[in-house]
Amino acid sequence: MKRSQYFLPTLKENPKEAEIVSHRYMLRAGMIKQTSAGIYAWLPMGLKVLKKIEAIVREEQNKAGAQEVLMPTIQPADLWKESGRYDAYGKEMLRIMDRGDREMLFGPTNEEMITDIFRAHVKSYKDLPKNLYHIQWKFRDEVRPRFGVMRGREFLMKDAYSFDLSPEDARISYQKMFLSYLRTFRRLGVKAIPMKADTGPIGGDLSHEFIILADTGESEVYTDKKWNDVDVTAQGLSYDDTAALETYFTEMTNIYAATDEIHDAESAPPSNELDVARGIEVGHIFYFGTKYSKAMGASVQNKDGSIVDVEMGSYGIGVSRLVGAIIEASHDDNGIIWPVEIAPFDAGLINLRSGDAACDKACEDLYQQLQDAGFDVLLDDRDARAGDKFADMDLIGLPYQIIIGPKGLEKGSAEVKNRATGETKDVALDQIVSILGNK
Ligand code: 5CA
């Protein structure tokens, strides 16, 4: 992509309304535009990051055996009256009347709708277990939407729903999601720690929040120092090996991690083995048994002919919140530092002297070469000051910057800067592709 043609409206000044760094940088890097309180349009570069996060979440859900569906954003109120949550949900729910005066709503979550889909089609124990998920926009009329996409009113969530015959099977479904979440967050380049949680309005008795550590996090968290070393992704562990899964789950949940509300100084490790930090919730999983299946009549016939209500769990990831949360966890004073897997481009190419025939040609050639090698590159070919190009490139946080100017070209080289470490080196033009690694 050439910067001269790209819709990337970067800002030099800090927008007044942005209280935290991710919100500031997302606005300044031209990733989002607010359209109403807590509601955002995603501009090309923001959308690219959102889609990359979504793709990793999807891949890891599929690996764990969940199947993708897509439910609508607009739901009939009747389903929520069946579960009893229509009144319970209160003002957070956006209620809509259609032209026939039917009560509708913009879904804040999908337990009711998925239970309705399930009960229409699944009647036998033979069809279990099932785990269905979708990645869809939600609406919650939060009292105080703030911090940009971190607490929006409209936000993108991945929500999965598991159906099992027995509590023991449901526990296995829960453990699969638990492992897949830790693998997902690792691939996204961040460290999320699972913490025992309250179930709130979703209901149920087994629940974990997944929390990324960042200074601006909303909640205080207490974590055993062991979290710094343990291999949370359990490389090599197969989702089919349920015995190993149970061992892994027990091991992980025995390492202390708690939010302020749950923290209990007596069961926590001594202070020299404990980290106190702040965190952002990026995922939340629940096992709630038959809460919805009983209320809505989602039952199956068991082997012995008896009818049993199915055991359910639900599993959420805040996909749009993750964009902000990852920036909170990975930035410096000059801008964002994207983890490689979700960076909007692999590298930025800066032409220090646009209009100079040799610089223009060297940039065009390298731009072509990098693309041929499979790299997605942003070429800053604008007729702008070098200082502005550097500042913009640091702000948008691509993993590598390749700087081409007249001095380097005399030696046949360019300067390559690693955004995360700040390290720079002169690299011969024909070596640049290999420096960036394999695609
Ligand atoms: N039905 C369950 C699980 S599918 C559920 O709704 N869980 S939740 O309420 O915890 O939301 C799941 C995730 O969505 C949260 O962990 C958080 O990362 C994200 N989320 C929740 N509310 C918002 C919001 N207002 N803005 C952005 N992300 C949000």
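Residues numbered from 1 in each chain as written. Predicted model: local features only at pLDDT ≥ 70, side-chain atom pairs only at ≥ 80, totals over all residues. Heavy atoms only, no water.

1. A few points about the sheet that holds strand β20 (residues 377-380)
Link 1 in the chain: The strand order across the open sheet formed by five strands is β20-β19-β21-β22-β23, and the pairing between neighbours is mixed. Since the sheet does not close on itself, it has two edges, and those belong to β20 and β23 (424-428), each with one partner. Across the sheet, the mean angle separating the axes of adjacent strands is 25 degrees when strand polarity is ignored.
Link 2 in the chain: When strand β19 (residues 347-351) meets β20, the two strands line up parallel, connected through four bridges. (Pairing = 2+ DSSP bridges. Helix = DSSP H or I, 4+ residues; strand = E, 2+ residues; numbered from the N terminus. Axes fitted to C-alpha atoms, helices over the stretch in contact; angles between N-to-C directions.)

2. Details of the site of the ligand
Link 1 in the chain: The environment of the ligand is made up of 22 residues, and the closest members are Thr109, Glu111, Arg140, Glu142 and Glu281.
Link 2 in the chain: The contact in question runs from an oxygen atom of the ligand to an N or O atom on the side chain of Glu281, over 2.4 Å.
Link 3 in the chain: Here Gly318 contributes a backbone N or O atom positioned 3.4 Å from an oxygen atom of the ligand.
Link 4 in the chain: Its free accessible area being 600 Å², the ligand has 95% of it covered by the protein chains.
Link 5 in the chain: Taking a 2 Å distance to the grid points as the criterion, the majority of the atoms of the ligand fall inside the largest pocket.
Link 6 in the chain: Of all the secondary structure elements, the ones that give two or more residues to the shell around the ligand are β8 (154-164), β13 (274-289) and β16 (311-318).
Link 7 in the chain: Tallied by class, residues from the shell around the ligand come to eight nonpolar, seven polar and seven charged. (Near = heavy atom within 4 Å. Polar contact = N/O pair within 3.5 Å; in protein donor to acceptor, adjacent residues only side chain to side chain. Areas by Shrake-Rupley, 256 points an atom, 1.4 Å probe, with all protein chains shown as cover. 1 Å grid on protein atoms, 1.4 Å probe; cavity = no way out; pocket = protein on both sides within 12 Å on 5 of 7 lines; lining within 4 Å. Sits in = over half its atoms within 2 Å of the grid points. Nonpolar A, V, L, I, M, F, W, Y, C, P; charged D, E, K, R; others polar.)

3. Section: empty space enclosed by the protein
Link 1 in the chain: Considering all chains together, one arrives at one cavity of 30 Å³ or more under this definition.
Link 2 in the chain: The volume enclosed by the largest cavity comes to roughly 50 Å³.
Link 3 in the chain: Put simply, the parts of the chain that give the lining of the largest cavity at least two residues each are β2 (39-42) and β8.
Link 4 in the chain: Partitioning the lining of the largest cavity into residue classes produces five nonpolar, three polar and one charged. (Points joined across faces, edges and corners; volume = space filled by probe spheres on them.)

4. Observations concerning the pairing of β19
Link 1 in the chain: With respect to burial, β19 is a largely interior element, five of its five residues being buried.
Link 2 in the chain: The alternating pattern of β19 places Ala347, Leu349 and Asn351 and Gly348 and Ile350 on opposite faces, both of which are buried.
Link 3 in the chain: Assessed by its sense of winding, the connection that carries the chain from β19 through helix α10 (residues 357-372) to β20 is right-handed.
Link 4 in the chain: Across five bridges, the pairing between β19 and strand β21 (residues 400-404) is parallel. When the bridges of β21 are listed, Gly348 appears paired with Gln401. (Buried < 20%, exposed > 50% of the residue type's maximum accessible area, 1.4 Å probe, protein only. Right-handed = clockwise from strand over helix to strand, strands pointing away.)

5. Looking at the domain arrangement of the protein chain
Link 1 in the chain: In terms of domains, the protein chain is made up of domain 1 (21-336) and domain 2 (345-435).
Link 2 in the chain: Here the C-alpha centre of domain 2 lies 39 Å away from the C-alpha centre of domain 1.
Link 3 in the chain: Contact residues are listed per partner, giving nine residues for domain 1 and seven residues for domain 2.
Link 4 in the chain: At the surface where domain 1 touches domain 2, the tally comes to six residue pairs in polar contact (both at pLDDT 80 or more).
Link 5 in the chain: Of all elements in the fold, only α1 (21-28), α2 (44-63) and β18 (335-336) reach the threshold of two or more residues within the side of domain 1 that touches domain 2.
Link 6 in the chain: Its residues placed into classes, the side of domain 1 that touches domain 2 shows four nonpolar, two polar and three charged. (Domains from an automatic or database assignment. Contact = heavy atoms within 4.5 Å.)

6. Digging into α1
Link 1 in the chain: Summarising burial for α1: seven of the eight residues are buried, a large majority.
Link 2 in the chain: Of the positions making up α1, those classed as buried are Val21, Ser22, His23, Tyr25, Met26, Leu27 and Arg28.
Link 3 in the chain: On its buried side, α1 packs onto β1 (32-36), β2, α9 (319-329), β17 (331-332), β18 and α11 (386-396).
Link 4 in the chain: With its phi angle positive at about 65 degrees, Gly30 sits one or two positions after the end of α1.

7. Thoughts on the packing of α1 against α9
Link 1 in the chain: Put simply, α1 and α9 touch, their axes get as near as 8 Å, and they point 110 degrees apart. Relative to α9, α1 is oriented roughly perpendicular. Contacts from Val21, Ser22, Tyr25 and Met26 in α1 reach Val323, Gly324, Ile327 and Glu328 in α9. (Parallel < 35°, antiparallel > 145°, perpendicular 65-115°, else oblique.)

8. Some details on the sheet that holds strand β5 (residues 94-97)
Link 1 in the chain: The strand order across the open sheet formed by three strands is β4-β6-β5, and the pairing between neighbours is antiparallel. The sheet is open, and its two borders are formed by β4 (74-76) and β5, each paired with just one other strand. Across the sheet, the axes of successive neighbouring strands diverge by a mean angle of 35 degrees, strand direction being ignored.
Link 2 in the chain: Here four bridges tie β5 to strand β6 (residues 103-106), and the two strands are oriented antiparallel to one another. Within the sheet, the bridge partner assigned to Arg95 lies in β6 and is Leu105.

9. Details of the layout of surface pockets
Link 1 in the chain: Of the voids in this model, the largest pocket is the one considered here, and its volume is about 960 Å³.
Link 2 in the chain: With seven residues, the top contributor of residues to the lining of the largest pocket is β13.
Link 3 in the chain: Taken as a whole, the second largest pocket encloses approximately 290 Å³ of empty space.
Link 4 in the chain: Along its surface, the second largest pocket is lined by 19 residues, and Lys196, Thr253, Ile255, Tyr256 and Ala257 are the ones closest to its centre.
Link 5 in the chain: Breaking the lining of the second largest pocket down by element, the ones donating at least two residues are β9 (192-196), β10 (206-213), α7 (242-254) and β12 (257-259).

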